[in-house]
Amino acid sequence: MSQSENVRPLKIADAARAIRHVFVRDLLLDAHIGVYAHEQGRTQPIRVNVDLTVSEAAHSDKLANVVCYETVVNRIKALVASGHLNLVETLAEKVAADCLEDERVTVARVRIEKLAAIPEAASVGVEIERARTPL
């Protein structure tokens, strides 16, 4: 049984509305995160899941014409590497905002889990969903 079986991907791909679902599953990283003294000055393992609602366009098999999951992953890694954050909520908001910078992304759902914060729990964390603000 996979750790993410309790995380169901959104069924957001929709041919009628020209919507594509781009996702990142179970990205495991070590992060400087937490408010407690025992979380300061060290990393702890986190898991990141991202679901993006993306407006499709004719892509003619060119990477530049799609939302690239590798780019999404690299930007998440950069956010995590940028320094200590107190809250998983803050990291989730930063990831969602970063994803929404791409004009093709209309909705971002982000789940951040701490994997070792509570010994009796497989994980704890937060899941948020943010949408592009209409102009």
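### Considering the packing of helix H1 (residues 69-81) against helix H2 (residues 88-100)
Packing of H1 against H2 brings their axes to within 10 Å, and their N-to-C directions diverge by 140°. Remark: the crossing between H1 and H2 carries right-handed chirality. Contacts between H1 and H2 involve Val72, Arg75, Ile76, Leu79 and Val80 from the first element and Leu91, Lys94, Val95, Asp98 and Cys99 from the second. In terms of residue class, the contact of H1 with H2 is made up of seven nonpolar, no polar and three charged.

### Topic: the pairing of strand E3 (residues 105-114)
A regular strand carries its side chains on alternate faces of the sheet. Two elements, strand E2 (residues 44-55) and E3, share nine bridges in a ladder whose sense is antiparallel. Following the sheet pairing, Asp51 is matched in E3 by Arg109. Note: E3 against strand E4 (residues 124-131), eight bridges, orientation antiparallel. Counterpart to Arg111 in the pairing with E4 is Glu127.

### Describing the side chain of Glu113
Structurally, Glu113 is set in strand E3. Assessed through its relative accessible area of 3%, Glu113 is described here as buried. At a separation of 2.5 Å, a polar atom in the side chain of Glu113 contacts the side chain of Ser123. Each residue touching Glu113, except ones within four places of it in the same chain, is listed here: Pro45, Ile46, Arg47, Asn49, Ser123, Val124 and Gly125.

### Remarks on a nonpolar patch on the surface
A cluster of nonpolar side chains, Val35, Tyr36 and Leu87, forms an exposed patch at the surface whose accessible area comes to about 300 Å². Inspection of the secondary structure puts Leu87 in the loop between H1 and H2.

### As for the nonpolar core
Formed by 31 residues in total, the largest nonpolar core has its most connected members in Ile46, Val50, Leu52, Ile76, Leu91, Val95 and Val110. Here the element with the most residues in this core is H2; it accounts for seven residues. In this structure Val95 touches Val50, Ile76, Leu79 and Val110, once residues within four positions along its chain are discounted.

### Looking at empty space enclosed by the protein
Evaluated as defined, the whole model comprises one cavity of 30 Å³ or more. The calculated volume of the largest cavity comes to roughly 40 Å³. Lining of the largest cavity is provided by Ala31, His32, Ile33, Leu79, Val80, Gly83, Leu85 and Leu91. Classifying every residue of the lining of the largest cavity gives six nonpolar, two polar and no charged.

### A word on the environment of Ala81
Assignment of secondary structure puts Ala81 in helix H1. Classification of Ala81 as exposed rests on a relative accessible area of 67%. Ala81 sits 49 residues away from His32 along the chain, and the two C-alpha atoms are 8.0 Å apart.

Cut-offs and rules
- Residues numbered from 1 in each chain as written.
- Predicted model: local features only at pLDDT ≥ 70, side-chain atom pairs only at ≥ 80, totals over all residues.
- Heavy atoms only, no water.
- Axes fitted to C-alpha atoms, helices over the stretch in contact; angles between N-to-C directions.
- Helix = DSSP H or I, 4+ residues; strand = E, 2+ residues; numbered from the N terminus.
- Left-handed = near helix turned anticlockwise from the far one by under 90°.
- Contact = heavy atoms within 4.5 Å.
- Nonpolar A, V, L, I, M, F, W, Y, C, P; charged D, E, K, R; others polar.
- Pairing = 2+ DSSP bridges.
- Buried < 20%, exposed > 50% of the residue type's maximum accessible area, 1.4 Å probe, protein only.
- Polar contact = N/O pair within 3.5 Å; in protein donor to acceptor, adjacent residues only side chain to side chain.
- Patch = residues over 30% accessible without salt bridge, like charges linked within 9 Å, V, L, I, M, F, W, Y side chains within 5 Å.
- Areas by Shrake-Rupley, 256 points an atom, 1.4 Å probe, with all protein chains shown as cover.
- Salt bridge = Lys/Arg side-chain N within 4 Å of Asp/Glu carboxyl O.
- Core = buried A, V, L, I, M, F, W, Y, C linked by side-chain atoms within 4.5 Å.
- 1 Å grid on protein atoms, 1.4 Å probe; cavity = no way out; pocket = protein on both sides within 12 Å on 5 of 7 lines; lining within 4 Å.
- Points joined across faces, edges and corners; volume = space filled by probe spheres on them.

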